[in-house]
Amino acid sequence: MAKANFDDFRNTLLSTINFVTEKVLDLADAAADTAKTGHEIAKLLMEKKKAEAALTESYQALGKRYYELNKASAGSVYEDLCGDIADALETLENIDEEIAELKEAMGSDFEDIEVEFDEFFGDADFESVVNDAEAEADAPEAPAAPSASDGIADAPDDKL
């Protein structure tokens with residue numbers, strides 16, 4: 001009779017341990033997904049900053065050229081710069097849409113994510129930071145640690 005009660009207790013304990021282990025793993029997976037999405041948003045925000053810099057450079061070149069020509073005809077002289085500005089604006093719009101989609105997928109708690117590159121990476125080169133982050137994300141995961149129930153489940157009944 002006592003052995004039956006002990007077996008019931010052991011089975012209940014193992015079930016509880018397995019349940020808790022599954023929930024912890026589910027939370028870990030959710031955290032990993034959130035981290036990957038956050039990394040992608042940060043990467044897109046850095047790309048956005050780069051596109052904004054290109055836009056500013058194009059605006060400055062347009063203004064300089066306009067000044068140098070002193071109101072010359074707006075023919076082909078400005079077409080290439082206007083095309084660059086239109087391309088940069090389209091790139092910014094696409095990035096903003098992608099960021100909005102990712103933020104929406106993460107939930108309302110992440111609506112105001114902003115990234116200042118220098119604040120996190122100092123004088124590091126943008127490309128090297130992105131390459132390092134991608135290499136880290138692509139690295140194989142460490143093997144899963146054995147669960148607490150592995151040793152208990154294999155133990156003979158008379159040892160427990």
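Conventions and cut-offs
- Residues numbered from 1 in each chain as written.
- Predicted model: local features only at pLDDT ≥ 70, side-chain atom pairs only at ≥ 80, totals over all residues.
- Heavy atoms only, no water.
- Helix = DSSP H or I, 4+ residues; strand = E, 2+ residues; numbered from the N terminus.
- Buried < 20%, exposed > 50% of the residue type's maximum accessible area, 1.4 Å probe, protein only.
- Contact = heavy atoms within 4.5 Å.
- Areas by Shrake-Rupley, 256 points an atom, 1.4 Å probe, with all protein chains shown as cover.
- pLDDT = per-residue confidence, 0-100.
- Patch = residues over 30% accessible without salt bridge, like charges linked within 9 Å, V, L, I, M, F, W, Y side chains within 5 Å.
- Salt bridge = Lys/Arg side-chain N within 4 Å of Asp/Glu carboxyl O.
- Lys, Arg positive; Asp, Glu negative; His and termini not counted.
- Charge placed at Lys NZ, Arg CZ, Asp CG, Glu CD.

**Regarding the overall build of the chain**
Across its full length, the chain holds five helices and zero strands. Within the span of the chain, comprising 160 residues, buried residues form 19% of the whole. Long-range contacts, defined here as pairs at least 24 residues apart, represent 73% of the contacts in the chain between residues at least 6 apart. Carbon and sulfur atoms make up 54% of the accessible area of the chain, which totals about 12,000 Å².

**Overview of the confidence of the model for the chain**
Here the chain averages 75 in pLDDT, and 62% of its residues register 70 or above. Averaged pLDDT values for the elements of the chain fall to 47 in helix α5 (residues 148-154) and rise to 87 in helix α1 (residues 2-69). In this model, residues 147-160 is a region of pLDDT below 50 whose contacts with residues beyond four sequence positions or in other chains number 13 contacts.

**What to know about a nonpolar patch on the surface**
A surface patch of nonpolar side chains, amounting to about 280 Å² of accessible area, comprises F6, F9 and L13. Along the chain, F9 turns up in helix α1. We classify F9 as exposed; its relative accessible area is 53%.

**Re a negative patch on the surface**
Judged by side-chain charge, E40, E47, D84, D87, E90, E93, E97, E98, E101 and E104 come together as a negatively charged surface patch. Those elements that place two or more of their residues in the negative patch are α1 and α2 (76-106). Top contributing element to the negative patch by residue count: α2, with eight residues. Examined against the element boundaries, E47 turns out to sit in helix α1.

**Brief notes about the side chain of S58**
With respect to the element layout, S58 can be found in helix α1. S58 has contacts with L81, D84 and I85, leaving out every residue within four places of it along the chain.

**Considering the environment of S58**
S58 sits in the buried class, given a relative accessible area of 12%. For S58 and D80, which are 22 residues apart along the polypeptide, the C-alpha to C-alpha distance reads 9.7 Å.

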